[in-house]
Amino acid sequence: MPKESLRDKLEGNELDLSLSNLDTVPVKELALLPKATHLDLSCNQLTILPDPFCTLTHLIKLDLSKNSLSELPHDFGQLENLQQLDLLGNNLRTLPRSFCMLRKLRWLDLKDNPLEEGLKKNAGDCLDEAQCRKCATRILMYMTDLDEQLEKQYLLKKQRKEKEEAKKKQKEEMERQQKRQEKKAEKERRRREHEARRAQEILAQNGDTSDEEFNAAQEKLKTNGGVQSKKVSVGWSCFLLVFLSAVVLLVALLVAIDFHCNANLKDENCKLHWKPVRSQVIATAQTAKSSIINFYHSHIESYLFK
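Residues numbered from 1 in each chain as written. Predicted model: local features only at pLDDT ≥ 70, side-chain atom pairs only at ≥ 80, totals over all residues. Heavy atoms only, no water.

Participant: What is the right way to read the sheet that holds strand S3 (residues 38-40) from this model?
Facilitator: Each strand in a sheet pairs with another by means of backbone hydrogen bonds, the pair being arranged parallel or else antiparallel. Here 6 strands make up an open sheet; going across it, the order is S1-S2-S3-S4-S5-S6 and the pairing mixed. Looking along the sheet, the strands with just one partner apiece sit at the ends: strand S1 (10-11) and strand S6 (107-109). Pairing analysis gives 3 bridges linking strand S5 (residues 84-86) to S6, with the strands arranged parallel. What sits directly across from Gln84, in S6, is Trp107. (Pairing = 2+ DSSP bridges. Helix = DSSP H or I, 4+ residues; strand = E, 2+ residues; numbered from the N terminus.)

Participant: So what exactly am I meant to see when it comes to unusual backbone geometry here?
Facilitator: For residues besides glycine, phi is generally negative; the peptide bonds are generally trans as well. In this structure, Leu19 is a non-glycine residue whose phi angle is positive, near 55°. Examined against the element boundaries, Leu19 turns out to sit in the loop between strand S2 (14-16) and helix H2 (27-31). Residue Leu19 is classed as exposed on the basis of its relative accessible area, which comes to 65%. Residue Cys43 is not a glycine yet carries a positive backbone phi of 55°. Topologically, Cys43 is positioned in the loop between S3 and strand S4 (61-63). For Cys43, a relative accessible area of 30% corresponds to the partly exposed category. (Buried < 20%, exposed > 50% of the residue type's maximum accessible area, 1.4 Å probe, protein only.)

Participant: Please explain the packing of aromatic side chains as it appears in this structure.
Facilitator: The description of an aromatic ring pair uses the distance of the two centres, along with the angle that the planes make with each other. Summed over all chains, the structure comprises 1 aromatic pair. On the basis of an interplanar angle of 5° and a centroid distance of 6.2 Å, the ring pair of Phe76 and Phe99 is categorised as stacked. Of this pair, Phe76 sits in the loop between S4 and S5 while Phe99 sits in the loop between S5 and S6, placing them 23 residues apart in sequence. Residue Phe76 is classed as buried on the basis of its relative accessible area of 0%. Owing to a relative accessible area of 0%, Phe99 belongs among the buried residues under this scheme. (Phe/Tyr/Trp six-rings, centres within 6.5 Å; stacked < 30°, edge-to-face > 60°.)

This is how it looks when you write it as structure tokens:
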């Protein structure tokens, strides 16, 4: 439809395109007429509103009655300035979730639509001005509650999906870790088998090895027990050597201190610290010696020479 013909039908802020046999909405031409805040598209052959229709945010009053609309665009709520909406006599069962964004809507007519039960109950009859105003209020509240419920369901579904994905990833990671461990164990087993075969070849080349020595060497290579035992033995030997060295150094230090204090009788540190400790140690040693002798005479000697 040419722009000039639309402008000819514009009276003030009202654009009447009713009874024009329209099966599509001339959105581009309407976008060029921002003064047309009241748009009448009633009594046409519209079955769908194109998505760009939602960009006509200058609309305040919209009449879509007596068409064949089965649904409204998902972004219909972008018509944020809409105050009056007539949808009488269409094929609408539901309204888009974005409908709750029409905060300025004050008048709504949904009569003669096969609405689902929730919408039908809140829409009422819309037989007069007051009822159409109540319809707008109730439908906005209903769609707002419905949007919140759908959002909660979406969030719960999203959380469940995230948990399932996390469990799946954890399971996959455990499986990968198990495979790595199995692969590592298999690699170690093959290495030991290779070492065993290598040892067999070396022993077979020597020729002078007895069967007992051959079997012992093979078992040793399979279990690595001989090497591990040797490592443990060397470790204990090193520990005992270090321990004995420490004991010897401690005894030597005590002897040196005792020699110093006996040679320097006027040393205050010796009087205050070493001599009391030395006396206590000697007394304790004498007591332990007496206890050991008594225990020997009362138990061990009578047992050995009875």
